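Structural features, examined
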Amino acid sequence: LLDHAMEAPAKDSAAKALKLASESQYRCAICMEHYLDPVTTSSGHTFCRYCLLVCILKDISRKNGEPPRCPISREPIKGALITNKAVKAAMIENKVWDTVKVFQGSCGIVMDSDIDKEVIPSSSFRLVLDEQGAFRCDIRWEEAKGKAKQSLVTRTTGTWDIKTGEFAGKAYNTAGQADLNVQWARYRPHHNKGAFPSMRIEKSESKKSTPWEEWTGNFKISGKNLQLVKGRYEPKEVHKQSSGVLLMMLREGNESVLEELEKSFEEYVKETAPKKESTSSFLSSFLSAPREQYSGQQKKAGGLAFSGLWAHSSPDPSNG
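Let me sum up the structure you'll find in this document. (Residues numbered from 1 in each chain as written. Predicted model: local features only at pLDDT ≥ 70, side-chain atom pairs only at ≥ 80, totals over all residues. Heavy atoms only, no water.)

What follows covers the overall build of the protein. Counting secondary structure elements, the protein contains 8 helices and 11 strands. Considering the protein as a whole, with its 320 residues, one finds that 42% of them fall into the buried category. For the protein, the accessible surface area stands at approximately 17700 Å², while carbon and sulfur atoms represent 51% of it. (Helix = DSSP H or I, 4+ residues; strand = E, 2+ residues; numbered from the N terminus. Buried < 20%, exposed > 50% of the residue type's maximum accessible area, 1.4 Å probe, protein only. Areas by Shrake-Rupley, 256 points an atom, 1.4 Å probe, with all protein chains shown as cover.)

What follows is about unusual backbone geometry. Even without glycine at this site, Lys-95 takes up a positive phi of about 55°. The residue Lys-95 is located in the loop between helix H3 (85–93) and strand E3 (101–111) in this model. Of note in this structure, Lys-117 is not a glycine but carries a positive phi near 55°. Note that Lys-117 resides in the loop between E3 and strand E4 (120–121).

Moving on, we get to the side chain of Thr-154. Position of Thr-154 relative to the elements: it lies in strand E7 (residues 148–160). Overall, the relative accessible area of 1% leaves Thr-154 in the buried class. One polar contact links Thr-154 to Trp-141, side chain to side chain, over a distance of 2.9 Å. Other than its neighbours up to four places away in sequence, Thr-154 contacts Tyr-50, Cys-137, Asp-138, Ile-139, Trp-141, Ala-171, Tyr-172, Asn-173 and Trp-215. (Polar contact = N/O pair within 3.5 Å; in protein donor to acceptor, adjacent residues only side chain to side chain. Contact = heavy atoms within 4.5 Å.)

All right, on to the nonpolar core then. If you look at the biggest cluster of nonpolar residues, it comprises 32 residues, and the most contacted ones within it are Leu-127, Trp-160, Phe-167, Trp-215 and Met-248. At the level of elements, E3, strand E5 (125–129), strand E6 (134–142), strand E8 (166–174), strand E9 (212–222), strand E10 (225–236), strand E11 (244–252) and helix H6 (258–272) are the ones that each hand at least two residues to this core. Counting 24 residues, the second largest nonpolar core, distinct from the first, contains Tyr-26, Cys-70, Val-96 and Trp-97. (Core = buried A, V, L, I, M, F, W, Y, C linked by side-chain atoms within 4.5 Å.)

Most of E3 is tucked away: 9 of the 11 residues are buried. Direction of pairing for E3 relative to E5: antiparallel, over a ladder of 5 bridges. Looking across to E5, one finds that Lys-101 is bridged to Leu-129. Where E3 lies against E11, 9 bridges are found, and the strand directions are antiparallel. Directly across from Ile-109, in E11, lies its bridge partner Leu-246. For E3 and E4, the ladder comprises 2 bridges, and the chain directions are antiparallel. The residue of E4 that forms the bridge with Ile-109 is Ile-120. (Pairing = 2+ DSSP bridges.)

Okay, here's the thing in structure tokens:
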């Protein structure tokens, strides 16, 4: 895979991709639902980004030095996974969403464990809500200044009662970078060792469970938008991962509403996001004694400073 040029599907295959997507009724062959964030492989087959990444990661975890392959054609996947805007436009033109409500969204999280309270933003996304109140969306996360985060795409499904605003969902994360050439270079050493600890593939399969997060909150009307109030995310089936504040804003419509939505989301974040902790709170953490709920090196280290201080003190202040 590293020998291939980084490129989107060739122009002469665009028509083929549109034809195949139309023949599939714009449904992903993996989840059997309409595409959320459609990406097309070099063989012309289109999938949801999240679904394809799950297949890719499981594919490369079971092979010895071979690149991932398209789930349908089994041809090697080349280059970058780029959202197929032509397929997205065709879905709107062919009114595949007529029986559901479609919202554009912006999202962000603030980890409880982050002293600086930095907001980790997502790319804009599409949320689909059916008549029974079930929703689904795929979210790509970013770092500051719009740089794509290298390791996370989240699929969230659940229920949203428009009348009461109550929102509850399960979020499943998968590792994956926009450029598969870079991804393969990064994960190949792990593969050669026969382990993918950062992706938890072996752990999840052996325990017959998949790590997920619980997303909760309540949507309130704010002008033309809906903004999440008291939003939270809580990791499940995962240890030593921080919970935190969930920020989200939605507006019904197609992508033409995104520019206004993103401006409103910025204001919403400024007003709603948790603020950086005070200096005294930081110093308390910095100088803290070892805590019993930590283990190994974390317990030995105690606070961020004086790693050996509490080891030589008697008695241990954390024991009262």
